[in-house]
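Descriptive structure summary
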Amino acid sequence: DVKVTQSSRYLVKRTGEKVFLECVQDMDHENMFWYRQDPGLGLRLIYFSYDVKMKEKGDIPEGYSVSREKKERFSLILESASTNQTSMYLCASSFARVRYEQYFGPGTRLTVT
Amino acid sequence: AQSVTQPDIHITVSEGASLELRCNYSYGATPYLFWYVQSPGQGLQLLLKYFSGDTLVQGIKGFEAEFKRSQSSFNLRKPSVHWSDAAEYFCAVTSYDKVIFGPGTSLSVIP
């Protein structure tokens, strides 16, 4: 089975802190994605990566950056956390040839106070 | 712009009753369509997908969905709901190189 793991299930940070969310997949997937999930809004794509060191902006990249130094790992970075970034963050991965069939991690619930 | 709507924010059904969750999309061509389920505290799991061919697709956990091009719909159904089906359900559609998710429908199951 595909396994996508995220470094933390729950995280509490203060406004202005730099925050790192880590995601690791074990299926040799080329593509990796970061989504933000908010009630009533579904999932919104923040960034995605289709190869090591490659990244593309999604629909809501402002306030976020990403890093992909290894194929299996995709990090989401909040340079200076703000309260409006309090949310559930979901990582996903997929094969390049079936990029729409995504496998999700359990999510990280981030609270910024 | 492509979009996905799920008209029902929350649905409550009795265990053993049938279920239908609605999904409508806006897209210029025939898209790829998906249903995902998110159990409490978990990530999303793919229930089923439609790419082409037979418009009635079967998924895991006894779910099925029917693609109706004329209605731009992809409704999810299950003939008999189990208490473990209580979860959030998301419809999704491809949009060029991205997946667009609907807002979700929360399902509660009464014993």
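Look up a bit, the structure's there.
Keep in mind that this is a model prediction, so the values were computed, not measured. (Residues numbered from 1 in each chain as written. Chains lettered and ligands numbered in written order. Predicted model: local features only at pLDDT ≥ 70, side-chain atom pairs only at ≥ 80, totals over all residues. Heavy atoms only, no water.)

Strand pairs in the sheet, formed through backbone hydrogen bonds, run parallel or antiparallel to each other. Residue and element names in this part refer to chain A. Reading across the sheet, the four strands line up as β1-β3-β8-β7 and stay open at both edges, with antiparallel pairing between neighbours. Only two strands of the sheet have a single neighbouring strand rather than two, namely β1 (4-6) and β7 (64-70). For this sheet the average axis-to-axis angle between neighbouring strands, irrespective of direction, equals 20°. Looking at chain direction, β1 and strand β3 (residues 19-25) are connected through three bridges and run antiparallel. Note that in β3 the partner of Val 4 across the bridge is Gln 25. (Pairing = 2+ DSSP bridges. Helix = DSSP H or I, 4+ residues; strand = E, 2+ residues; numbered from the N terminus. Axes fitted to C-alpha atoms, helices over the stretch in contact; angles between N-to-C directions.)

Next up on the list: the pattern of salt bridges. Applying the stated criterion across every chain, the model contains eleven salt bridges over all chains. In this structure, Arg 73 of chain A engages Glu 22 of chain A in a salt bridge whose closest nitrogen and oxygen atoms are separated by 3.9 Å. Highlighted residues: Arg 73 of chain A in strand β8 (residues 73-78) and Glu 22 of chain A in strand β3, separated in sequence by 51 residues. We classify Glu 22 of chain A as partly exposed; its relative accessible area is 23%. One salt bridge connects Arg 77 of chain B with Glu 66 of chain B, and the closest N-O pair in it is separated by 3.2 Å. With a gap of eleven residues between them, Arg 77 of chain B in strand β9 (residues 73-78) and Glu 66 of chain B in strand β8 (residues 64-68) connect regions that are remote in the sequence. We classify Arg 77 of chain B as partly exposed; its relative accessible area is 24%. Classification of Glu 66 of chain B by relative accessible area gives partly exposed; the value is 23%. Through salt bridges with shared partners, a single network forms among Arg 36, Asp 38 and Arg 44 of chain A. (Salt bridge = Lys/Arg side-chain N within 4 Å of Asp/Glu carboxyl O. Buried < 20%, exposed > 50% of the residue type's maximum accessible area, 1.4 Å probe, protein only.)

Attention shifts here to the layout of surface pockets. In this approach a probe as big as a water molecule rolls over the atoms, and the regions it shows empty are the leftover space. Roughly 440 Å³ of volume is contained in the largest pocket. Lining the largest pocket are 22 residues, with Gln 37 and Arg 109 of chain A together with Gln 38, Glu 88 and Phe 90 of chain B sitting closest to its centre. Of all the secondary-structure elements, those providing two or more residues to the lining of the largest pocket are β4 (31-38) and β9 (87-94) of chain A together with β10 (87-95) of chain B. It is β10 of chain B that contributes the most residues to the lining of the largest pocket, three residues altogether. Partitioning the lining of the largest pocket into residue classes produces seven nonpolar, twelve polar and three charged. Empty space within the second largest pocket amounts to approximately 350 Å³. Forming the walls of the second largest pocket are 17 residues, and the residues nearest its centre are Tyr 103 and Phe 104 of chain A together with Leu 44, Gln 45 and Leu 46 of chain B. (1 Å grid on protein atoms, 1.4 Å probe; cavity = no way out; pocket = protein on both sides within 12 Å on 5 of 7 lines; lining within 4 Å. Points joined across faces, edges and corners; volume = space filled by probe spheres on them. Nonpolar A, V, L, I, M, F, W, Y, C, P; charged D, E, K, R; others polar.)

Let us now look at empty space enclosed by the protein. Residues and elements named next belong to chain B. Here the structure, examined in full by the defined rule, presents one cavity of 30 Å³ or more. In this structure, the largest cavity spans a volume of roughly 30 Å³. For the largest cavity, the full set of lining residues is Val 37, Ser 39, Lys 61, Phe 63, Ser 84, Asp 85, Ala 87 and Tyr 89. When its residues are assigned to classes, the lining of the largest cavity shows four nonpolar, two polar and two charged.

This structure, assessed with the given rule, holds 16 aromatic pairs over all chains. Ring geometry for Phe 104 of chain A versus Phe 101 of chain B: centroids 6.1 Å apart, planes at 80°, classification edge-to-face. Placement of Phe 104 of chain A in strand β10 (residues 103-104) and of Phe 101 of chain B in strand β11 (residues 98-101) is noted, with the two residues assigned to different chains. Given the relative accessible area of 10%, Phe 104 of chain A is considered buried. Residues Tyr 32 of chain B and Phe 51 of chain B carry aromatic rings whose centres are separated by 4.3 Å and whose planes lie at 35° to one another, so their mutual orientation is tilted. (Phe/Tyr/Trp six-rings, centres within 6.5 Å; stacked < 30°, edge-to-face > 60°.)

Read these as geometric descriptors, not functional statements.
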